[in-house]
Amino acid sequence: MQITPELEALAQELEHNPVKIYNWVHDNIQFIPTNGSIQGSQLTLETKSGNATDTANLLIARRRASGIHARYVYGTVQIPIEKVMNWVGGVTVPEAAIQLLGQGGIPTAGLTQGGQIAFVKMEHVWVEAYVDFFPSRGAKHITGDTWIPMDASFKQYEFTEGLDIQGNVPFDAEGFAEHITNTAQINEEEGWVSGIDQTFMETTVENYQTQIEAYITQTNPDATVGEVLGTQTIRATNRPVLATGLPYSLIARGATFKELPSSLRHHFKFSLYASEMDRILDEPALNLSISLPAIAGKRLTLSFEPAADSDRQVIESYLPEMPEGQELDPNDLPTSRSRLFN
């Protein structure tokens, strides 16, 4: 759990109030239909977006920064299909909403009623906080007395339509692809393509961009980006007090966690092999596995310290000579460096 100075400052700005903290996270974090901890609390705050687990990370971090006990809950919930379609981005077909959730790795199933999909059953993560619920229902926190469930990731949106660029400025994608296919050399067996008409591609894109700009200028010269592309705005909750339950049906309440288990975290894995034989035998000289939230927003650097002066000379022989006072650009390094480490 990341409780950074930025999170502590925001918790103080919200007066460490349970209701204000919930409302802020609900109203400011866009939902992404993926599964498991990917960003962590700090990056979710910075990007103002995240999946259910990321949003739970942020909400719990805010609670704990305010001295309020909070925990993760994993379980199965049931949500009306029309709310799910809105939640995942305003799709108009039930199957598309279920597909989006499934592609994001969320265990999901559609439940039919009268021959049509009426509900979505899905595995989900939400938060329980130990708040001062009686008699203020979280409006004022002195001493916690009740574990209250809350889900700041589940929300509904207001959508506005953008300009109908596709309908008014059509792009001949089929003709574009046909020209590239007919003029390029394609070897499907060996899996390579050469001789792509780069000039044609650039000219086509530039011409289409000019047509779009002309259409926008004629239609609404002062249009904002939102007016051109359309907008998606979270319906603010504006709760004066905390609700007593979740905003959907609870099918099964599973385990609770003070900290997320490894199975609910995405991981980055890096393995370094000293030789091709070690790679075949899967015997790495270096093996690193770390959760994505731990490195989210950070740069990773792999450096090598030569064991002897002869090793240093071999490594330096592969590096380009740089003018005095000019630093080496990583892009100037040789494309293949495997021989350095065999």
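(A) Highlighting the overall build of the protein. Along its length, the protein carries 13 helices and 13 strands. Relative to the compact-globule value of 20 Å for 342 residues, the protein shows a C-alpha radius of gyration of 27 Å, a clear excess of over 25%. Overall, the protein is about 75 × 65 × 45 Å in size when its C-alpha atoms are taken along their principal axes. Within the protein, buried positions represent 32% of all 342 residues. Considering only residue pairs separated by 6 or more positions, the protein has 66% of its internal contacts joining residues 24 or more positions apart. Accessible surface, the protein: about 20,500 Å² in total, of which carbon and sulfur atoms supply 51%. Taken together, the 23 basic and 43 acidic charged side chains of the protein have centroids lying 17 Å from each other.

(B) Structural detail: the pattern of salt bridges. One pass over the full model with this rule turns up 7 salt bridges. With a closest N to O distance of 2.8 Å, Arg253 and Glu128 form a salt bridge. Separated by 125 residues along the polypeptide, Arg253 in strand 11 (residues 249-257) and Glu128 in strand 5 (residues 116-131) bring together distant segments of the chain. We classify Arg253 as partly exposed; its relative accessible area is 43%. Taking relative accessible area as the criterion, Glu128 reaches 8% and is therefore assigned buried. Between Arg312 and Glu316 there is a salt bridge, with the nearest N and O atoms lying 2.8 Å from each other. Placement of both Arg312 and Glu316 in helix 13 (residues 309-317) is noted, with a separation of 4 residues, approximately one turn of the helix.

(C) View of the packing of helix 1 (residues 5-13) against helix 3 (residues 40-47). Remark: helix 1 packs on helix 3, axes separated minimally by 10 Å, with the N-to-C direction vectors making an angle of 65 degrees. When the axes of helix 1 and helix 3 are compared, the pair comes out roughly perpendicular. The chirality of how helix 1 crosses helix 3 is left-handed. Here Glu6, Leu7 and Leu10 of helix 1 come into contact with helix 3, specifically with Ser41, Gln42 and Leu45. A class-by-class count of the residues in the contact of helix 1 with helix 3 yields 3 nonpolar, 2 polar and 1 charged.

(D) Representation of the packing of aromatic side chains. Evaluation of the coordinates by the stated rule reveals 9 aromatic pairs. With a centroid separation of 5.6 Å and an interplanar angle of 25 degrees, the aromatic rings of Phe176 and Phe200 are classed as stacked. Of the two residues, Phe176 is situated in helix 8 (residues 173-183) and Phe200 in helix 9 (residues 198-219); the sequence distance between them amounts to 24 residues. Clustering of aromatic rings is evident, with ring pairs tying together Phe31, Trp87, Phe154 and Tyr248. In this structure, Arg62 is placed above the aromatic ring of Trp24, and the distance from its NZ or CZ to the ring centre is 4.2 Å. The ring of Trp147 has Arg71 lying over it, and the distance from NZ or CZ to the ring centre is 3.7 Å.

(E) Examining the environment of Thr203 more closely. Here Thr203 is to be found in helix 9. Using a relative accessible area of 36% as the deciding quantity, one classes Thr203 as partly exposed. Along the backbone, Thr203 and Glu123 are 80 residues apart, and their C-alpha atoms lie at a distance of 48 Å. In this structure the side chain of Thr203 is engaged in a polar contact, spanning 2.8 Å, whose partner is the backbone oxygen of Thr199.

(F) Geometry of the nonpolar core. Ranked by size, the top nonpolar core spans 30 residues in total, and within it Trp24, Leu59 and Met150 carry the most contacts. Contributing elements (two or more residues each) for this core: helix 1, helix 2 (18-28), helix 4 (52-65), strand 3 (70-80), strand 5 and strand 6 (146-150). If we ignore the near neighbours within four places in the chain, the residues touching Leu59 are Ile21, Tyr22, Val25, Val127, Met150 and Ala152. Ile81, Trp87, Met122 and Tyr157 belong to the second-largest nonpolar core, a separate cluster that totals 22 residues.

(G) Local environment of the pairing of strand 4 (residues 108-113). Looking at chain direction, strand 4 and strand 5 are connected through 6 bridges and run antiparallel. Paired with Thr108 across the two strands is Met122, which belongs to strand 5. Hairpin connection, strand 4 to strand 5: the antiparallel pair is bridged by 2 residues, and Gly114 has positive phi, about 65 degrees.

(H) The arrangement of helix 2 in detail. Of all 11 residues making up helix 2, 8 are buried, and the element is well covered by its neighbours. Those residues of helix 2 not exposed but buried are Pro18, Val19, Ile21, Tyr22, Asn23, Trp24, Val25 and His26. Looking at the packing, one finds that the buried side of helix 2 touches helix 1, helix 3, helix 4, strand 5, strand 6 and strand 10 (231-234). With a side-chain oxygen positioned 2.9 Å from the backbone nitrogen of Val19, the residue opening helix 2 is Asn17.

The rules behind the values
Along each chain, residue indices are assigned from 1 in the same order as the chain's sequence is written. Note on the predicted model: pLDDT of at least 70 is required for a residue's local features to be given, and 80 or more for side-chain atom pairs to be given and counted; whole-chain, interface and lining totals, by contrast, use all residues. Side-chain metrics rest on all non-hydrogen atoms present in the structure, leaving aside hydrogens and water. Counting from the N terminus, the helices are the DSSP runs of H or I reaching at least four residues and the strands are the DSSP runs of E reaching at least two. It is over C-alpha atoms that the radius of gyration is taken, and the globule rule equals 2.2 Å times the number of residues to the power 0.38. Residue exposure (1.4 Å probe, protein chains only): buried if accessible area is under 20% of the type maximum, exposed if over 50%, otherwise partly exposed. What makes two residues a contact is simply this: any of their non-hydrogen atoms within 4.5 Å. Accessible surface area values rest on a Shrake-Rupley calculation with a 1.4 Å probe, where residue burial reflects the displayed protein chains alone. Charged-residue counts in this description rest on Lys and Arg as positive and Asp and Glu as negative, His and the chain ends being excluded. The location of each charge is read from NZ of Lys, CZ of Arg, CG of Asp or CD of Glu. For this analysis, a salt bridge means a side-chain nitrogen from Lys or Arg found within 4 Å of a carboxyl oxygen belonging to Asp or Glu. Working convention: axes come from line fits to C-alpha atoms, limited for helices to the stretch in contact. Angles between N-to-C directions cover 0 to 180 degrees. For this classification, under 35 degrees means roughly parallel, over 145 means roughly antiparallel, 65 to 115 means roughly perpendicular, and everything else is oblique. In this scheme the handedness of a crossing depends on how the near helix is turned from the far one: anticlockwise by less than a right angle means left-handed, clockwise means right-handed. Nonpolar residues are Ala, Val, Leu, Ile, Met, Phe, Trp, Tyr, Cys and Pro. Charged residues are Asp, Glu, Lys and Arg, and all others, Gly as well, are polar. We call Phe, Tyr and Trp rings a pair once their centres come within 6.5 Å, taking the six-membered ring for Trp, and we label the pair stacked below 30 degrees between planes, edge-to-face above 60, and tilted otherwise. Both a distance and an angle decide whether a charge sits over a ring: NZ of Lys or CZ of Arg must be within 6 Å of the ring centre and within 35 degrees of the ring normal. We call two N or O atoms a polar contact when they sit within 3.5 Å, provided that within protein one can donate a hydrogen and the other can accept it, with sequence-adjacent residues counted only if both atoms are side-chain atoms. Residue types Ala, Val, Leu, Ile, Met, Phe, Trp, Tyr and Cys, when buried and joined through side-chain atoms within 4.5 Å, form a set referred to as a nonpolar core. Any two strands between which DSSP finds at least two bridges are classified as paired.

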